Every structure is written in C-alpha cells, then in structure tokens.
Amino acid sequence: MEKFENYIDSKKEIFLEELKDFLRIPSVSSQSSKNQDTARCARWVANALKDAKMENIELLETGGHPIVYADWLHAGEKYPTILIYGHYDVQPAEPLDLWSSPPFEPVIVDGKIFARGTADDKGQLYTHIKAVESLIETEGKLPCNIKFMIEGEEECGSSHLEDFIINNAKKLECDYAIVSDTEWFAEGLPTICYALRGICYTELTVTGPNRDLHSGSFGGAVDNPINVLCQIISKLIDENGKIAVPGLYDKVLELSQQERDAFKKLPYNEEKYMKDLGVKALNGEKGFTTLERNWARPSLDVNGIYGGYTEEGAKTVLPSIATAKISIRLVANQNSEEVYELLNKYIQKIAPDTVKAELTYIHGGEPVMVDMTEKPIKACEIALKKAFGVEPVFMREGGSIGIVALFGSVLNAPTVLMGLGLPTDNIHSPNENFSLDNFYGGIKASAFFLKEISNEQYA
Ligand code: BES
Ligand code: MN
Ligand code: MN
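Note that the structure is predicted; figures quoted are calculated from it, not measured. (Residues numbered from 1 in each chain as written. Chains lettered and ligands numbered in written order. Predicted model: local features only at pLDDT ≥ 70, side-chain atom pairs only at ≥ 80, totals over all residues. Heavy atoms only, no water.)

Peer 1: How would you summarise the domain arrangement of the protein if you had to cite specific residues and measurements?
Peer 2: Structurally, the protein comprises domain 1 (3-196 + 367-458) and domain 2 (198-252 + 298-365). Regarding the contact of domain 1 and domain 2, the summed buried area is about 620 Å², with carbon and sulfur atoms giving 61% of it. Together, Gly 157, Pro 367 and Ser 400 form the three largest contributors to the area buried by domain 1 at its contact with domain 2, with a combined 65%. Remark: the boundary between domain 1 and domain 2 carries zero salt bridges. Joining domain 1 to domain 2, the criterion identifies two residue pairs in polar contact (both at pLDDT 80 or more). (Domains from an automatic or database assignment. Buried area = accessible area lost by both parts, 1.4 Å probe. Salt bridge = Lys/Arg side-chain N within 4 Å of Asp/Glu carboxyl O. Polar contact = N/O pair within 3.5 Å; in protein donor to acceptor, adjacent residues only side chain to side chain.)

Structural data, given as structure tokens:
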C-alpha cells in the first residue's frame, strides 16, 4: 500500500466535510441571480487549491465567470506536465419540489452524497485536488508538473473559452490533460470514455402578425406562429429517425465494425434501461442500436418550446410569436457552425412565407475522439485498476464537454476522460448524487495516475 493511500483513508471524513462546503455554494452559472455565489465559488476553489499546496493561484477573467488557475511546476523537465480540468459551476436545481432534500444542503444516504453538483462536477473535480494534497503531504512533492484549470461556465456553453485558451495557450501548455466529468458504464465498472459528442444549440423564433390577435376574429385567416413552428419542427426528423436537414450526415464518421462489436460486449440491458426510464419503447435512427445512436450518431432535440397563453385556464389567443430551443448533438467529424448553417438553410426553405423564421446560434462545441493509443490512456487504465481493483472498460458518451476538443486543437494535448460518475447519479436532474466509494476511490485513482504517467516508460 502506498503512503498516500493511508493518508486518504485517514482523511475521509475531513475530505467529505470539505466537499459539503463546496456543494453548499449554489454556483448556477446560467442564472444571473446567482452571480455572487458563482464568484464566491471560484474563490472557494482557489482557496482549496492553496490548501492543497498548489502555487501561482489566480482567478483569470474571461468576460464571464472566471477560470481558477493554479500550478505546481517543480518536478523538472524530465517529467510531464499534466493539465487537470474541471468545472465549478452547476446546472439550475429547479424544479425544487422534486428533490427529496434541498439541493444545496448536502446529505449522505446509503453511501451516496446528494446535492446539485455532487457528480457534475464538484465531487469529481475535488478528487484531483485531494490527490495532489495527498501526494504532497506524504511524499513531499508531486511526481510530475501540474496545472489546474477549473472553469465556471461549462453548464452554459463555455462561450468565452475558445478565446481564453487561445490567449493563454502558453500558460496552459502541457503534455496531457485529464478530465473527470463523465461516467462509468455501470456501478462497479471503472470506465474510460474515449469519445464525446459535440453540440450546436440554437433558438428558432417564428413571428407572424404584429400583435396577439383574437383567435376567433382572425383564426383561419392569419397563420398562427405556434402552428407553423410545430409544422417546421415536425419536418426536422424523418420517418426513419434521420435528421432531415440536407447535408447533415455528409461529414459523419461512420462506425467501424470493430467498434460496433466492442459496444455489443458491454453489459447493457435494454429492458432494464427502458424500465428505469419508465418508457415502453425506444426510438431513434433506424439501422443502429441504442448505444450506437446515443454515442456515435447525431441527434436532434427540441429542448423547450413556448408561445401563446400558458397560464391557468383558457385564453383564445392567436399569438404573434412562438419560440423553440433546438439542439443537435454532433459526432466526429461534424462542426457546430457548419451544422448551424445547414439547419438555418433548411428552416428558411421549409418555413412558409406567412411568417418570419429566425434561427439564432446560442452556443456550440465540437465532438471529440480520443486516440486510444495515447500514453495517458494506458496510464489511466493502470491507475483505475489499482484504485478500484477492477479492469476498466471503454465507452463513448452522448454528452458534451466543450473544452476537450480545444485541448486537442489549440494546446495539442491528448486528453484522458477518467470519469467517476455513475449512470444513476441524476446529473442535471433532481436528486443528483455521487457515490462515496467513487469519490474516495477517485482520489486514489488520480494519485495513481499522476505517478504512473510520470514513469520513464511514458517519456
Ligand atoms: N459532465 C457533462 C457531460 C456529460 C454528460 C458527461 C452526460 C457524461 C454524461 C457536462 O457538464 C455537460 O452537462 N455538458 C453539457 C454541455 C452543454 C451545456 C454545452 C451537455 O452535454 O449538455
Ligand atoms: Mn460536467
Ligand atoms: Mn453538466
């Protein structure tokens, strides 16, 4: 047993209390009413890094919520520099009445900690902070050079990030990046994620008459923007579950037979999946399995739709305006801005000339494919095995983490996605939680990873 393992075991309660403090700060980046809290959370992270003996701690302005930076660069040039990324912002906690306990008052139930941000991403990112502390406390130094970059706008599209990384490329220079912000395929099954989908997030506004109208006096004479919006939406996906936007699949990298076979080997139970979600059947693009559709094919979702009268009772209105939030998940080698252009072109073509249809680009992030032959993947496999005693599996992910593509394209740094969440964590939902076994094991996995990647064989 390594000394740092004993240290981690002896500090379990303290680490947990600290994590609870972190979770009590409602750092909801998308709600401006929470800006003070989000700013306080950035300072909390900066202090935590200081307590973990990191140096050169800075809150870097981005134009939005700041990025917390810290480093420890005393290992020398012979050893690699690892960039550790995480995000201190969280999703909104609403709807509050669906939580079993208040979202910003963490509680432990059955070996899990419940609060908004436990798994996504405060609990996961905190494992790395405690890992460097544990190594420094027990070994007096770190095995490699470390830079931390903890973001505060991941949950609202990381819109300032690209400029930030380009402008700070020198400061962030590294050999590899590590991110813990994904999940295991199943409980007890440590997992390395090797592909993330990208996203193109848009808003479609349909405007008809110049004011709201009486639906009796005008209905049948004037086109209703909500009706039109629904007609447009109904033409976005065809009867085979394919996105109907011309050109959308042109750049999609097809799955290899090898990968399809690998997906089939994962312990996936479709019946259980449906039962857990309370649905009678699944749906999506024909010709692909559920995992293939979710991980390796684009998908289009309406994330919100509004217009007209939505309050209590009835109102006979023919509204002037209707809006929908529409997002498309992207896979390699699609590009978010290109996809926006294709979607806009198609919508302009199918929108009737009775209305004005405007599509706004809200945010985008590019898909990621990690080269499995990269050294940190091997090191991560070994670290997870040592920390959890189980051989890890590989999977893709349907979700997105905007920054990872930029690590590759701007910093030229391969990234390893050493996620620690579980599919039952309820991220973005009420009753978000994080397994304490994964929390403590994750601290050890991070420390093992830093030691492993510093071995000569990876140089
Ligand atoms: N940690 C998630 C990404 C993720 C989702 C990992 C599902 C594993 C499973 C991340 O915080 C996230 O929610 N990303 C957003 C990005 C969006 C706001 C641009 C997403 O995927 O919706
Ligand atoms: Mn996340
Ligand atoms: Mn998230």
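Alright, that's what it looks like, and here's the rest.
Peer 1: Please set out the pattern of salt bridges residue by residue, giving values where relevant.
Peer 2: A full pass over the atoms with the stated rule returns 22 salt bridges. Between Asp 9 and Lys 444 there is a salt bridge, with the nearest N and O atoms lying 2.9 Å from each other. Taken together, the positions of Asp 9 in helix α1 (residues 3-10) and Lys 444 in helix α14 (residues 436-453) put the pair 435 residues apart, joining distant regions of the chain. Residue Glu 292 is joined to Arg 260 by a salt bridge in which the shortest nitrogen-to-oxygen separation is 2.9 Å. Of this pair, Glu 292 sits in helix α10 (residues 290-296) while Arg 260 is found in helix α8 (residues 257-265), placing the two residues 32 residues apart along the sequence. Classification of Arg 260 by relative accessible area gives partly exposed; the value is 21%. One network of salt bridges, with partners in common, ties together Lys 242, Glu 254, Glu 285 and Arg 297. (Helix = DSSP H or I, 4+ residues; strand = E, 2+ residues; numbered from the N terminus. Buried < 20%, exposed > 50% of the residue type's maximum accessible area, 1.4 Å probe, protein only.)

Peer 1: Describe in detail the sheet that holds strand β18 (residues 433-435), supporting the description with residues and values.
Peer 2: With antiparallel pairing, the three strands of this open sheet are ordered in space as β4-β5-β18. One side of each edge strand has no neighbouring strand; the edge strands of this open sheet are β4 (107-109) and β18. Taken over all neighbouring pairs, the strand axes of this sheet differ in orientation by 30° on average, direction set aside. In terms of strand pairing, β4 meets strand β5 (residues 112-114) through three bridges, oriented antiparallel. (Pairing = 2+ DSSP bridges. Axes fitted to C-alpha atoms, helices over the stretch in contact; angles between N-to-C directions.)

Peer 1: Residue-level account of the sheet that holds strand β13 (residues 321-330), with values.
Peer 2: Pairing in this open sheet of four strands is antiparallel, and the strands run β11-β13-β9-β14 from one edge to the other. In the strand order of this sheet, the two ends are held by β11 (299-307) and β14 (356-365), each with one partner. Between one strand axis and the next, the sheet turns by 20° as a mean value, whatever way the strands run. In this structure, strand β9 (residues 198-207) lies alongside β14, joined through nine bridges in antiparallel fashion. Looking at the pairing, Leu 204 lines up with Leu 359 of β14. Relative to the sheet, helix α11 (residues 336-350) contacts β9, β13 and β14, its axis offset from that of β14 by approximately 165°. (Contact = heavy atoms within 4.5 Å.)

Peer 1: How would you summarise the coordination of the manganese ion (ligand 3) if you had to cite specific residues and measurements?
Peer 2: Here the manganese ion (ligand 3) is held by Asp 120 (OD), Glu 155 (OE), Glu 155 (OE) and His 428 (NE2), and the distances to it run 2.1 to 2.5 Å. Counting along the primary sequence, the residues that act as donors to the manganese ion (ligand 3) give the motif D-x34-E-x272-H. For Asp 120, a relative accessible area of 6% translates into the label buried. Residue His 428 is classed as partly exposed on the basis of its relative accessible area of 40%. (Donors = N, O, S within 2.8 Å, 3.2 Å for Na, K, Ca; no water.)

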